[in-house]
Amino acid sequence: MSRTEVEIEPEEPGGKPPTQDDTAFFGQPKGLLTLSGLEVWERFSFLGMQAILVLYFADTVPSGGMGMSAGTAASVSAAYGTLVYLVSVVGGWLADRILGSYRAVLWGGVLIACGHYAMAVPTGTMTWVGLGLISAGTGLLKPNVATMVGKLYATDDDRRDAGFALYYMAINIGAFAGPLITGWLGDHRGWHWGFSAAAIGMTFGLVQYVLGRRHLAGRRNKAEFALAPQVMHRAVRLIIATIVVLAVLATALALAGWLTMDRFVDLLTLISVIAPVGYFAVMFGSPRVTAEERGRLKPYIALFLASTVFNFILFQAYSTMMLLASTNAETTLLGFDFPASWYASALGAFEVGLAPVVAALWVRMGHSQPHASNKIAIGVVLGGLSFLLMALPTSGHGSGDYLMSAWWIVGSYLLLGLGDILLETSGMSATTKLAPVAFASQTMSLWFLSLALANGIQAQTVKLYDDVSHPAYFGVNGAIAVAAGLAVIAATPWLRRTMHPVH
């Protein structure tokens, strides 16, 4: 793929897709098909890899794993997730000021593919190199592809939430298929075979993204809020120098024995707390943010915290829930044996099945549909209930060598999947509506910082997984999430007043 091929494609004035595209994809803009196709393969690779990552970390070295304890494996996996979403802040800024959304997504996908290919090499060093590349690439891709979906619609377009629901359904087609392929390969051929499948999937996603680029709104050769040329050159040099310095410093500290894995995890958790606080402060204080836009950022804080609580539960579907499934859940269903990592596909399957139902419901209800804050609150409550459910089959056992029915985990993932559809689609849609114009891609990055914070908190909490009983672990975390969701419901009157034009 050459630089010329990316640039020469003609587009209509303003970077808008062809007029006939507006209802070409099930009544939605055709650009939604291109972006959804990209996300199918990106989630196939990302979640396919993540479904086996914690198991790879916890597996013994002779069996091809990293030999970590269960708690440490879950903590390191969560720290990786923290890093992925922290980098999204830089990805949003690069899109707004230097690359533009289209190129940010393109080069992010290239880095992700390279990272998965690196992880296919069966050495510990290449595992860490691959995770670093995937973190950088996902930080470029994730906030900007969601922003590009938002650009397909007018702010008051009633199809908007339905479009995001279809987009999220596509995400979960990849989330369903990824663990099936990588899980089977990891279980039968070795973990690095699973990582290879993730690499091939991301490559497919990049190909279809480039082929469908003419249908994307806001596709420009330049960033929407591009820096002046001289400032841009200085910024690029500074970014490169910073990356080199940080890499050298980290290597030196690691060789000196100071930068241990535990300290690195703790550092990422600290940054995940500081970063959103600083980011909100910058946007509230920016002269480029109007008073009206600043007023809409206030209720966004409540949505941010709700997202953090829910995703703290959701991300454990790929850490503590995977560990629980591998040790204490049956891996036979209706007479069929399957790898424990296939449980992660149940989450994607439920979201694939439920997303079009939810999308159709919102279209049918139109302006009478529940307010975005209520959708988000219900999602948080469902997430909490999914963990409270797991407190039941893990209770009353004298030892840790029991096996629960597969239906318990399937039921938990059903609640979690429905909650995810309600929260993430409404949250991403509301973010694109509430975003200050000058911080469009970066405000989506702020949403992903809630995911970084969720992972940062998880990286510390999962360390208790080996030390407390399973009923206590799942019960307490689930109860906290339910309480948080009820608090958002109680705040609905204020949120309705302050979140205009979100309805």
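Residues numbered from 1 in each chain as written. Predicted model: local features only at pLDDT ≥ 70, side-chain atom pairs only at ≥ 80, totals over all residues. Heavy atoms only, no water.

Chemist: When you look at empty space enclosed by the protein in this model, what are you seeing that I'm missing?
Modeler: Left-over empty space is what a probe sized like a water molecule reveals as it rolls over the atoms. The tally for this structure, following the rule as stated, stands at 5 cavities of 30 Å³ or more. Put simply, the largest cavity is a space of about 280 Å³. Along its surface, the largest cavity is lined by 22 residues, and Arg43, Tyr85, Tyr168, Leu314 and Phe315 are the ones closest to its centre. Only helix H2 (31–58), helix H3 (70–99), helix H6 (160–188), helix H10 (291–314), helix H12 (343–365), helix H14 (406–434) and helix H15 (440–461) provide two or more residues apiece to the lining of the largest cavity. Examining the composition of the lining of the largest cavity, we find that 4 residues originate from one element, H2, more than from any other. Split by residue class, the lining of the largest cavity holds 12 nonpolar, 5 polar and 5 charged. (1 Å grid on protein atoms, 1.4 Å probe; cavity = no way out; pocket = protein on both sides within 12 Å on 5 of 7 lines; lining within 4 Å. Points joined across faces, edges and corners; volume = space filled by probe spheres on them. Helix = DSSP H or I, 4+ residues; strand = E, 2+ residues; numbered from the N terminus. Nonpolar A, V, L, I, M, F, W, Y, C, P; charged D, E, K, R; others polar.)

Chemist: Looking at this model, I keep getting lost on the nonpolar core. Mind explaining?
Modeler: Note on soluble globular proteins: their nonpolar side chains tend to be buried together. Core analysis: the biggest nonpolar cluster contains 129 residues, and Met49, Tyr167, Tyr209, Tyr343, Ile409 and Tyr413 have the highest contact counts within it. When residues in this core are grouped by element, the largest group, 13 residues, is from H2. For Ile409, the contacting residues outside a window of four places in its chain are Met321, Ala325, Ala329, Tyr343, Met390 and Met404. (Core = buried A, V, L, I, M, F, W, Y, C linked by side-chain atoms within 4.5 Å. Buried < 20%, exposed > 50% of the residue type's maximum accessible area, 1.4 Å probe, protein only. Contact = heavy atoms within 4.5 Å.)

Chemist: Is there a simple way to explain the packing of aromatic side chains in this structure?
Modeler: To describe a pair of aromatic rings, you give the distance between the ring centres and the angle between the ring planes. Applying the stated criterion to the full structure yields 15 aromatic pairs. Between the aromatic rings of Phe280 and Phe304, the centroid separation amounts to 5.5 Å while the plane-to-plane angle is 80 degrees, which identifies the pairing as edge-to-face. One end of the pair, Phe280, is in helix H9 (residues 261–285); the other, Phe304, is in helix H10, and 24 residues separate them in sequence. Pair check on accessibility: Phe280 and Phe304 agree, each one buried. Note on Tyr465 and Tyr473: the rings are 5.8 Å apart at their centroids and 85 degrees apart in plane angle, and the pair reads as edge-to-face. What makes Tyr465 buried here is its relative accessible area of 5%. You can call Tyr473 buried: its relative accessible area is 3%. Every member of this aromatic cluster is reached through a ring pair, and the members are Tyr56, Phe57, Trp128 and Phe195. Over the face of the ring belonging to Trp193 we find Arg189, whose NZ or CZ atom lies 4.3 Å from the ring centre. (Phe/Tyr/Trp six-rings, centres within 6.5 Å; stacked < 30°, edge-to-face > 60°. Lys NZ or Arg CZ within 6 Å of the ring centre and 35° of its normal.)

Chemist: Is there a simple way to explain the layout of surface pockets in this structure?
Modeler: By volume, the largest pocket amounts to about 2000 Å³. Lining of the largest pocket is provided by 45 residues; of these, Leu83, Val87, Gly132, Ile243 and Leu246 occupy positions nearest its centre. When residues of the lining of the largest pocket are traced back to their parent elements, those giving at least two are H3, helix H5 (124–150), helix H8 (229–255) and H9. The dominant element in the lining of the largest pocket, judged by the number of residues it contributes, is H3, at 13 residues.

Chemist: Help me understand the packing of H2 against H5 in this model?
Modeler: When two helices pack together, you describe them by how their axes are tilted relative to each other and by the distance separating the axes. Running from amino to carboxyl end, H2 crosses H5 at an angle of 150 degrees, the nearest separation of the two axes being 11 Å. Between H2 and H5, the interaxial angle falls into the category roughly antiparallel. Seen from above, H2 lies across H5 with left-handed handedness. The residues of H5 that touch H2, namely those facing Leu32, Leu35, Leu38, Glu39, Glu42, Arg43, Phe46, Met49, Leu53, Tyr56 and Phe57, are Thr127, Trp128, Leu131, Ile134, Thr138, Leu141, Lys142, Val145, Met148 and Val149. Across the contact of H2 with H5, the residue classes break down as 15 nonpolar, 2 polar and 4 charged. (Axes fitted to C-alpha atoms, helices over the stretch in contact; angles between N-to-C directions. Parallel < 35°, antiparallel > 145°, perpendicular 65-115°, else oblique. Left-handed = near helix turned anticlockwise from the far one by under 90°.)

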